[in-house]
Amino acid sequence: ITPGTEVRNWVTGRAYAEVLDPLQVQVLTLDDSSAKAALVRWDLTDVSESSRDEVRRAIEAATGIPGANVMINASHTHSGPWSPVYKDGYRGKERDNWWAVRHMPSQNDYPPFRAWMEKLIAATVDATKRAIAGARSSTMSIGRVSVAEYLYNRRPRAPGWGLADPKSVRAVAASSPDWNAAVLQGGATFGPMDRTLALLWLRGEDGANLATLFHVACHAVSIYPSNPGISADWPGPASRAMSAAFGGEGLFLQGTCGDITPWRRGPQAVAEMAEAFARKAREAEKLAVRLRPMPIRVARADVDLPLTPEAVKRTGTSKVTAEVQVLVCGPLAFVALPGEPLTDLGSFIQIGRAHV
């Protein structure tokens, strides 16, 4: 689903400089003989409400999988496009996300972007069809391992009082050679962080690995903003590393990463992170446990989110309707949240229910 470089970079408003590595769509289809579901993963910044509904309609028409049973997850790479807006009306009079068009006009009428909008839908439907065609009976095994040393909460808690000379506190930027994510500055304390790399292995009856799903909460900003090229960021190399380690597809699912970034940035950090995640996954596999297969269930709920006064002026509405979706297969649950949620919300959901 890589766009042409003519498509504008939402960071700068200018055309992308180059394609550093491809953006992909991956689809996992699940079928328990009575219910079917599809889990779609994009190397994009987000999933708009409009693109979500367009994809659901297209997949249902092409495959028969109910649109309500299609879950879409974005890797949140900042070095790829925002998902398109196909229809108005989801956010009042605001059509495109204000952040995406703050440096450029809406791209819908720009031919290269219009072609990419169509390509995105077509590629997602094609991947879904091929997933269905290649379906095999499988088992599910789960494992977890800490990757805390590669994550950093970018919102450490600054001290409210007690410093003898607050003005003398030295600040070290993440771009500095003296930067060390493991050492806090200015008397701050660490913000919350989910250190978990959660892994789900789907294996055929012959024991061959079909897919490795891996979930971690961490912004995909190792390439952004220093390089203006198109990139899947660290989730791309990490997915390939998982495929190389176990066979089958490596499929990344983003977590509640709003306040979490990689401990370091740049191509070398990306390579190190990908290799480390695969290495840790191999250790986790040694103690993985099989899950008991149970029927597939999907549920959704709408939540009306109140807007700030500034957003009310921009959109002409006082609220935006956001969707929460849950796909459950016995003890396994995928929870899809809108926007860019923070660590605390993800932790609350995981701890609040024993089987999530």
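Here's a quick rundown of the structure. Positions within a chain are numbered from 1, following the residues in the order the chain's sequence is written. Per-residue local features are limited, in this predicted model, to residues with pLDDT of at least 70; the limit for side-chain atom pairs, both in listing and counting, is 80 or more; totals at the level of whole chains, interfaces and linings are taken over all residues. Hydrogens and waters are ignored; side-chain quantities use all the structure's heavy atoms.

Attention shifts here to helix 2 (residues 111–133). For helix 2, spanning 23 residues, the distance from its first C-alpha to its last is 33 Å, which sits close to the expected 33 Å at 1.5 Å a residue. Among all positions of helix 2, only Phe113, Trp116, Met117, Leu120, Ile121, Thr124, Val125, Ala127, Thr128 and Ala131 are buried. Here a residue-residue contact requires only that any non-hydrogen atoms of the pair lie within 4.5 Å. Put simply, DSSP marks the helices as runs of H or I at least four residues long and the strands as runs of E at least two long, and each gets a number from the N terminus on. Residues of helix 2 that are buried make contact with strand 1 (25–31), strand 2 (36–42) and helix 1 (49–63). Every helix has an expected span of 1.5 Å times one less than the residues it contains. Buried, partly exposed and exposed residues are distinguished by accessible area as a fraction of the type maximum, computed with a 1.4 Å probe on protein chains only: under 20%, between the cut-offs, and over 50%, respectively.

What follows concerns the packing of aromatic side chains. Ring pairs shown here join Phe, Tyr and Trp side chains whose ring centres sit within 6.5 Å, with only the six-membered ring taken for Trp; geometry is labelled stacked below 30 degrees between planes, edge-to-face above 60, and tilted in between. On inspection of all chains with the given rule, the structure shows 11 aromatic pairs. Note on Phe113 and Trp116: the rings are 5.5 Å apart at their centroids and 50° apart in plane angle, and the pair reads as tilted. Of this pair, Phe113 and Trp116 both sit in helix 2, 3 residues apart, roughly one helical turn. The same class applies to Phe113 and to Trp116, which are both buried. An aromatic cluster is defined as three or more aromatic residues linked by ring pairs; in this entry it consists of Tyr150, Phe214, Trp234, Phe252, Trp263 and Phe277.

We define the nonpolar core as a collection of buried residues of types Ala, Val, Leu, Ile, Met, Phe, Trp, Tyr and Cys that are connected through side-chain atoms lying within 4.5 Å of one another. Among the nonpolar cores identified, the biggest contains 33 residues, and Leu197, Leu199, Trp234 and Phe277 are the most heavily contacted of them. Of all the elements in the fold, those that place two or more residues in this core are strand 5 (151–153), strand 6 (196–204), strand 7 (209–216), helix 3 (235–246) and helix 4 (267–285). Counting residues per element, this core draws most heavily on helix 4, which supplies 9 residues. The residues contacting Trp234, other than those within four sequence positions of it, are Phe214, Val216, Cys218, His219, Ala220, Ser222, Phe252, Pro262, Val270, Met273 and Phe277. Membership of the second largest hydrophobic core comes to 31 residues, among which are Tyr16, Ala38, Leu120 and Val221.

Now for the pattern of salt bridges. Salt bridge, as applied in this entry: a Lys or Arg side-chain nitrogen positioned within 4 Å of an Asp or Glu carboxyl oxygen. Throughout the structure, instances matching the rule amount to 20 salt bridges. Among the salt bridges present, the one from Glu323 reaches Arg52, with a minimum N-O distance of 4.0 Å. On the criterion of sequence distance, the pair formed by Glu323 in strand 12 (residues 319–329) and Arg52 in helix 1 is long-range, its members being 271 residues apart. Overall, Arg52 belongs to the buried group, its relative accessible area being 16%.

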